[in-house]
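Read off the chains here:
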Amino acid sequence: MRKILCISGFSAAAAVVMASAVTGAAFAQQSPAAPAAPAAPAPSAAAAQPLPPGSPLLGRPDTEAAKKLAPVAPPPVPTAADKLPLDKLKAKAGFKVELYAAGVPNARSLKLGPKGTVFVSSRLQDKIHAIVEKDGKREIKVVASGLHRPNGIVVHKGTLYIAELSQISKIENIEDNLDNPPKPTVILADLPKDEAHGWKYLTVGPDEKLYFHIGAPCNICMPPERHSKIYRVGLDGKDLEVYASGVRHIVGMDWHPTLHQLYFSENARDWLSEDMPQDKLNRVTKPGADNFGYPYCHQGNLPDPEFGWGHSCSEFTKPLTLLGAHAAALGMKFYTGKAFGSEYRNAIFLARHGSWNKSTKLGGDVVVIKLNSDGTVKSMAPFLTGFIQNNNYVGRPVDVLPMPDGSLLVSDDFNGAIYRVSKGSSRVAGNK
Amino acid sequence: MRRRLVAILLIPALAVGARAETFAERVAPCLACHGENGQSSAPEVPSLGAQPAPYVLIQLYLFRGRQRLIEVMNEATKDFSDDDLMTFSDFIARLPSPRPANEPTDAQRMTRAAALVHQYRCDFCHNPDLAGRDNIPRLAGQREDYLIKALREYKSNTRPGYDASMADVLARISDAEILDLAYFAARQP
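Overview of the structure. Along each chain, numbering runs from 1 in the same order as the chain's sequence is written. The lettering of chains begins at A and the numbering of ligands begins at 1, in the order of writing. Under the rules for a predicted model, residues below a pLDDT of 70 receive no local features and side-chain atom pairs below 80 are neither given nor counted, while totals for whole chains, interfaces and linings still include all residues. Excluding hydrogens and water, the side-chain figures rest on all heavy atoms present in the structure.

Let's shift gears to the sheet that holds strand S7 (residues 152-156) of chain A. Residues and elements named next belong to chain A. In short, DSSP must find at least two bridges between two strands for them to pair. A run of H or I in DSSP counts as a helix once it spans at least four residues, and a run of E counts as a strand once it spans at least two, with each numbered from the N terminus. Strands sit in the order S7-S8-S9-S10 across an open sheet of four strands; the sheet is antiparallel. Of all the strands in the sheet, just S7 and strand S10 (185-188) have a single pairing partner and so form its edges. The sheet shows a mean angle of 30 degrees between the axes of neighbouring strands, taken without regard to direction. Here strand S9 (residues 168-171) pairs with S10 via three bridges, running antiparallel. If you follow Ile 168 over to S10, its bridge partner there is Leu 188. Throughout, an axis means a line fitted to C-alpha atoms (over the contacting stretch in the case of helices), and angles, computed between N-to-C directions, take values from 0 to 180 degrees.

Let us look at the nonpolar core. Ranked by size, the top nonpolar core spans 44 residues in total, and within it Phe 91, Leu 130 and Leu 181 of chain B carry the most contacts. Listing elements by their share of this core, those giving two or more residues are helix H2 (23-34), helix H3 (53-64), helix H4 (71-77), helix H5 (82-93), helix H6 (107-119), helix H8 (144-155) and helix H10 (175-186) of chain B. No other element matches the eight residues that H10 of chain B contributes to this core. Membership of the second largest hydrophobic core comes to 23 residues, among which are Ala 347, Phe 383, Leu 408 and Tyr 419 of chain A. The set of buried Ala, Val, Leu, Ile, Met, Phe, Trp, Tyr and Cys residues whose side-chain atoms join them within 4.5 Å is what this entry labels a nonpolar core. Three labels apply to residues, based on accessible area from a 1.4 Å probe with only protein chains included: buried if under 20% of the type maximum, exposed if over 50%, partly exposed otherwise in between.

Our focus in this paragraph is the pairing of S9 of chain A. Residues and elements named next belong to chain A. Side chains Ile 168 and Lys 170 of S9 all project onto a buried face; the interleaved residues Ser 169 and Ile 171 project onto the opposite face, where all are buried too. Across four bridges, the pairing between strand S8 (residues 159-163) and S9 is antiparallel. The partner of Ala 163 across the bridge, within S9, is Ile 168. The loop that links S8 with its antiparallel partner S9 comprises four residues.

Moving on to the pattern of salt bridges. A side-chain nitrogen of Lys or Arg and a carboxyl oxygen of Asp or Glu constitute a salt bridge if their distance falls within 4 Å. Within the structure shown, the criterion is met by 34 salt bridges over all chains. Taken together, the salt bridges that share partners define one network made up of Asp 207, Lys 209, Arg 232 and Glu 241 of chain A.

Residue and element names in this part refer to chain B. Between H6 and H10, the shortest axis-to-axis distance is 9 Å and the interhelical angle comes to 105 degrees. It follows that H6 is roughly perpendicular to H10 by the angle criterion. Packed against H6, whose contacting residues are Arg 109, Met 110, Arg 112, Ala 113, Ala 114, Leu 116 and Val 117, the element H10 presents Glu 177, Leu 179, Asp 180, Leu 181, Tyr 183 and Phe 184 at the interface. Roughly parallel refers to an angle under 35 degrees, roughly antiparallel to one over 145, roughly perpendicular to one between 65 and 115, and oblique to any angle outside these ranges. For this analysis, residues touch if any pair of their heavy atoms sits within 4.5 Å.

Below, the discussion takes up unusual backbone geometry. Put simply, Met 276 of chain A and Pro 277 of chain A share a cis peptide bond, and its omega is -10 degrees. Assignment of secondary structure puts Pro 277 of chain A in the loop between strand S16 (262-266) and strand S17 (278-284). Look at the link from Tyr 294 of chain A to Pro 295 of chain A: it is a cis peptide, with omega at 5 degrees. For Pro 295 of chain A, the location among the structural elements is in the loop between S17 and strand S18 (297-298). Notably, Asp 239 of chain A is not glycine yet its phi reads approximately 65 degrees, a positive angle. Tracing the backbone through its elements, the reader meets Asp 239 of chain A in the loop between strand S13 (229-234) and strand S14 (241-245). Phi at Arg 121 of chain B takes a positive value of approximately 60 degrees, unusual for a residue other than glycine.

Right under this line is the structure:
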């Protein structure tokens, strides 16, 4: 009786579903796919056998510590402003870090509109947010929703482009319509629907084309033809072409301000070892021809134990530098502002989301990478640290955004927050 | 048992006392399908007992925002506040763990499946006893039909999940292996 009363609180359609589910209780705990005498051929008898030579599963860690490795999922609800780990975050001496915005769920990629709006993407939620400053106060607005893995965004000539898992769409004149934006118009559809590494980063090149990638649909595998490549396509969604190949997964790209070459961070495979392979910083110098090695060669010099046979790492384009094993190098931007001083001009700020496939966590910081005049790497150093405390995440940096005033925004998808780093001394004692 | 259940129901009811409906009234429809003692007896409806609260919170959040589409769940959660999501997940996490399937067990199949659990590292994230932790669900004692359904949905990308971890894992797992894995997990205490 009580059950029936409770069901009445639901819609009629829901009640039917529930009622049928309840009456189905008689079939409780049957094994629908396991007949009493298994007639199906024993499909996986080989699985119980020792692994074949060269299997990537060989050497898998069996210690109790290693068994605690698992992807870290951020809480779905953003952290309240007064609970954010601001006192834990340490900017390099001479810089200070403060809160820019809280309550932006799963804040991922950051892009700036020509009128000063900060656009924030999401990977795990279905929305794009815009942050506007009005009368000295910041306001957070939802400008698109009902999206699937809308991780990639870019604003070009007033139009917001959104890369979801399997399509790219646009909203024109976005900054004039922040309060009542139209639905996005799809310009490129039917990209692969694989969830694994299906989320995208999006940027616009000096040729006014959109650049994005299709990641490997796995940790390590021989990718299908369309996968593991960087593509470019016109702003109208036409003339799709391969720009680079042999790429496992990218969540950060930007264009060198004077050389006009595409730089990108690439995440290396998991489960090979604690300390190898490392993530990479790459550069495309031969558009259409560069192959960065996946799945054959990792970090420029480490043949894959399964797919590397018959190949040499010398066949592939080398990385500019290595960014740490499992460190999850994500968003990166060139800094062309003046506020940080000439030593930072045209340097790369890059967010390392932090490892999960490693016992002692690595990353969880923003690094600054300084380049030589030919675009090769001169140095890499920590710039903003403290996201890892006692081998646990108190936040996870995803992308960076140099602002017109020369400050640097940093998104944190774990807390749903954005921080601002600028010149100056911190109010936190001991943070010099 | 009855007395204990009532006690469990009353604690959160006090916390949500401002609402017209008591918490017990609000949670009753959940338990009607998912089972009052943490054990579902409805086909393809998961047992929720001892599911880690962060995992349940994520699922309820996805249901509310229609990012995971199960009509009855979308309907049930559509007016939930963030506090409701947390109250319900905390309550569900305290339900007793489901009893494993207790029909005769095929020992050879269990051995084969145990190797798969290790090979695909199910035990790394879901814990060696498959009890789950944090955002990673409990599998031990779960309904076998639900496990098969969920794994097939992950493999075909029809259940995106919160992040894509399971799609990644399932890429290499065959349907025959899915059946073995579900058989094994449903029989773990």
